[in-house]
Amino acid sequence: MNNKIILSEANKAVAQGDYETFLTYCTEDTRWVFVGDRIVEGKAALRQYMNEVYHEPPVFSVDTLIEDGDYVTATGEISLKDANGNEEHFDYCDNWRFENGKMAALKAFVIKK
């Protein structure tokens, strides 16, 4: 399976609120850098992050998906509900690095609309 397909399958799990399945697509030491915001390191911290931020499954669309070796870049839009149920909309550019068919690192640029 190529990395674009792996990312697409993982994203389907997130969209369905199945975060545990999503985590199976990540390495144990996965590292997510949200530029200008925070860094999340490891599956346990990622699980906690998802539980804090994804009050409901995010709604997102992918405009562009480009694969080059161990890297996949995705651009698109994402909507999240905050703790009060208010929907927030963002544009994003995610640069993923894969190791042995799993998501090992993310550098995400997320801009509120």
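Now for a look at the structure at hand. (Residues numbered from 1 in each chain as written. Predicted model: local features only at pLDDT ≥ 70, side-chain atom pairs only at ≥ 80, totals over all residues. Heavy atoms only, no water.)

### Some remarks on the pattern of salt bridges
Piece 1. Under the criterion given, the structure shown has 10 salt bridges.
Piece 2. Two residues, K43 and E28, come together in a salt bridge whose shortest N-O distance is 3.3 Å. Taken together, the residues K43 in helix 3 (residues 43–53) and E28 in strand 1 (residues 26–34) connect sequence positions 15 residues apart.
Piece 3. Exposure remark for K43: the relative accessible area of 14% places this residue in the buried category.
Piece 4. Of the charged contacts, one joins D37 and R38 as a salt bridge, the two residues approaching to 3.4 Å between their closest N and O atoms.
Piece 5. When its relative accessible area of 54% is taken as the criterion, D37 is described as exposed.
Piece 6. Using a relative accessible area of 33% as the deciding quantity, one classes R38 as partly exposed. (Salt bridge = Lys/Arg side-chain N within 4 Å of Asp/Glu carboxyl O. Helix = DSSP H or I, 4+ residues; strand = E, 2+ residues; numbered from the N terminus. Buried < 20%, exposed > 50% of the residue type's maximum accessible area, 1.4 Å probe, protein only.)

### Brief notes about the packing of aromatic side chains
The relative placement of two aromatic rings is captured by the distance of their centres and the angle of their planes.
Piece 1. Using the criterion set out here, one finds 6 aromatic pairs in the structure.
Piece 2. Ring geometry for Y19 against Y54: centres 5.7 Å apart, planes inclined by 45°, an arrangement best described as tilted. Here Y54 lies in the loop between helix 3 and strand 3 (59–68) and Y19 lies in helix 2 (residues 19–24), a separation of 35 residues in the sequence.
Piece 3. Classification of Y54 by relative accessible area gives buried; the value is 13%.
Piece 4. Ring centres of F22 and W32 lie 5.9 Å apart, and the angle between their planes is 90°; this geometry places the pair in the edge-to-face category. Residue F22 is located in helix 2, and its partner W32 is located in strand 1; the two are separated by 10 residues in the primary sequence. There is no split in this pair, since F22 and W32 are both buried.
Piece 5. By way of ring pairs, the aromatic residues Y19, F22, W32, F34, Y49, Y54 and W96 are connected into one cluster. (Phe/Tyr/Trp six-rings, centres within 6.5 Å; stacked < 30°, edge-to-face > 60°.)

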